[in-house]
Amino acid sequence: MLDCGGAGRLGTLWRASDLRSGQVVALKLLNEASRADPELLARVRQAVAAARQLQHPGIVPVREFSSAIAYYYIVSDYKPLPHLQQLDLGQPITVEQAVRVATTAADSLAYAHGLGVGHANLKPSNILLPRSGSVLLTDFGLAAPIRSLQPDPLLDISKLYGNPAYLAPELVRGDAFTPSADIYALGLILYEMLAGQAAFKGDAGSLVQQHLLRQPPSLARLRPQLPAELVAIVAQATAKEATGRYQSMVEFAAALRDFFIPWYSAAAAQRARRSAPPTTQLNKVSLSQHPPPRAEPRVVVPRPANYVKGPALPTRALKASDLRRRPLLLVSLALLLVGLLVGLLLAGVPHLG
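All figures in this text were calculated on a predicted structure; none of them were measured in a lab.

## A look at the packing of helix α3 (residues 95-114) against helix α6 (residues 179-195)
Contact pair α3 / α6: the axes reach a minimum separation of 10 Å and the direction vectors enclose 165 degrees. Relative to α6, the element α3 lies roughly antiparallel. By crossing handedness, the relation of α3 to α6 is classed as right-handed. Counting all contacts with α3, which are made through V95, A98, V99, V101, A102, A105, A106, L109 and H113, the residues of α6 involved are P179, D182, L186, L190, M193 and L194.

This is how it looks when you write it as structure tokens:
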């Protein structure tokens, strides 16, 4: 069994071999504090039973929750993939990447919500990133059955519902889990991808208070070039009151798509224009200094209305044989030569008289 480096509040994630099937699995071994909390153990057992019914290509299957020699563990399929937390979220990622991740995750969550199961532990390290460009949601071990009984207000809500950095305000107040809590968490993750920083920072106690009392730093001010429509989507998803958020994960995903499709088409057209070769433009100054030559007016000779164009006549070079065949032509040429000689002789005789 090898440590996968996935230590969390509930336990540590290991890579292990299933001796029954021989397959490699992900095994989350609950830590001592979790094992000592019977109410939390009951909560996890209930959550795993709910998560086992999820069969979706965007969700890593959960196999079982069991115990051995006082150790409790959750078994899931092993997916050796990078997760969102491993990206450099200290720098904003592109709008296209952020919206694709959020939309695909929203689709998977909408499926789970349709079966009455919430995640309730959404955070960047639970969003795996395959090379295909889709995402996989993992760690449904703390998934909350929708419309569950209201938890005891004296319980540690962060232990019941996962990472306090993405905890919806109503869960902090001790209200029952609803799909709106997952919308809030996914909205904060989308905010973090776009802003390059988490919406809230601090220890668990400070984070709980910030969810109740503070608004995240303005996304429009942190990244002014973001489309206003996308900023508005994030603001609605992270509203403090559940009634101010999208009313379902399906609605949240639809809002992301309604923004992304026309935005992506416009961005692609702009990229195509930037990559096109520049067109030649005339310089007005050089045009005035070097005007093009003016064409002379064409003279057209009018023809009579009854004019009929005759056939073209063949032409060829004159040959010596043609001269021998034409005596009259020879006589004419001889007379012409004689005339020229007489003229020359007369021109050379001095004037008499």
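## Structural notes on the pairing of strand β3 (residues 24-30)
The buried fraction of β3 amounts to five of the seven residues, a majority that puts the element mostly inside the structure. Here strand β2 (residues 11-17) pairs with β3 via seven bridges, running antiparallel. Of the residues in β3, the one forming a bridge with R15 is A26. Judged from the five bridges that link them, β3 and strand β5 (residues 71-77) form a sheet pairing that is antiparallel.

## Re the packing of aromatic side chains
This structure, assessed with the given rule, holds five aromatic pairs. Aromatic side chains F260 and Y264 sit 5.4 Å apart centroid to centroid with 25 degrees between the ring planes, which places their arrangement in the stacked category. Here F260 and its partner Y264 are both found in helix α10 (residues 249-275), four residues apart, which amounts to about one turn of the helix. Y264 sits in the partly exposed class, given a relative accessible area of 29%. Each residue in the set F259, F260, W263 and Y264 is aromatic and connected to the rest through ring pairs, giving one cluster. If you follow R100 out to its NZ or CZ, it ends over the ring of Y264, 5.6 Å from the centre.

## Considerations on the nonpolar core
Ranked by internal contacts, the top residues of the largest apolar core, which has 72 residues, are F140, M193, L194 and F252. Of all the elements in the fold, those that place two or more residues in this core are α2 (38-51), β4 (62-68), α3, α5 (169-172), α6, α9 (228-237) and α10. The element best represented in this core is α6, accounting for 12 residues. Of all hydrophobic cores here, the second largest spans five residues; its members include A16, V25, L27 and V75.

## Quick look at the side chain of K123
Checked against the element boundaries, K123 lands in the loop between α3 and β6 (127-128). Buried within the structure, K123 lacks any salt-bridge partner; D139 is the closest side chain of opposite charge, at an N-O distance of 4.7 Å. For K123, the contacting residues outside a window of four places in its chain are N163, Y166 and I189.

## What about the side chain of D139?
Along the chain, D139 falls in the loop between β7 (136-137) and α4 (157-161). Of the residues examined, D139 reaches a relative accessible area of 14% and is grouped as buried. Among the polar contacts made by the side chain of D139, one reaches the side chain of K28 at a distance of 3.0 Å. Engagement of the side chain of D139 in a polar contact is seen with the side chain of N121, the distance being 3.1 Å. Ignoring anything within four residues of it in the chain, the contact list for D139 reads K28, H119, N121 and N126.

Reading the values: rules and limits
- Residues numbered from 1 in each chain as written.
- Predicted model: local features only at pLDDT ≥ 70, side-chain atom pairs only at ≥ 80, totals over all residues.
- Heavy atoms only, no water.
- Axes fitted to C-alpha atoms, helices over the stretch in contact; angles between N-to-C directions.
- Helix = DSSP H or I, 4+ residues; strand = E, 2+ residues; numbered from the N terminus.
- Parallel < 35°, antiparallel > 145°, perpendicular 65-115°, else oblique.
- Left-handed = near helix turned anticlockwise from the far one by under 90°.
- Contact = heavy atoms within 4.5 Å.
- Buried < 20%, exposed > 50% of the residue type's maximum accessible area, 1.4 Å probe, protein only.
- Pairing = 2+ DSSP bridges.
- Phe/Tyr/Trp six-rings, centres within 6.5 Å; stacked < 30°, edge-to-face > 60°.
- Lys NZ or Arg CZ within 6 Å of the ring centre and 35° of its normal.
- Core = buried A, V, L, I, M, F, W, Y, C linked by side-chain atoms within 4.5 Å.
- Lys, Arg positive; Asp, Glu negative; His and termini not counted.
- Salt bridge = Lys/Arg side-chain N within 4 Å of Asp/Glu carboxyl O.
- Polar contact = N/O pair within 3.5 Å; in protein donor to acceptor, adjacent residues only side chain to side chain.

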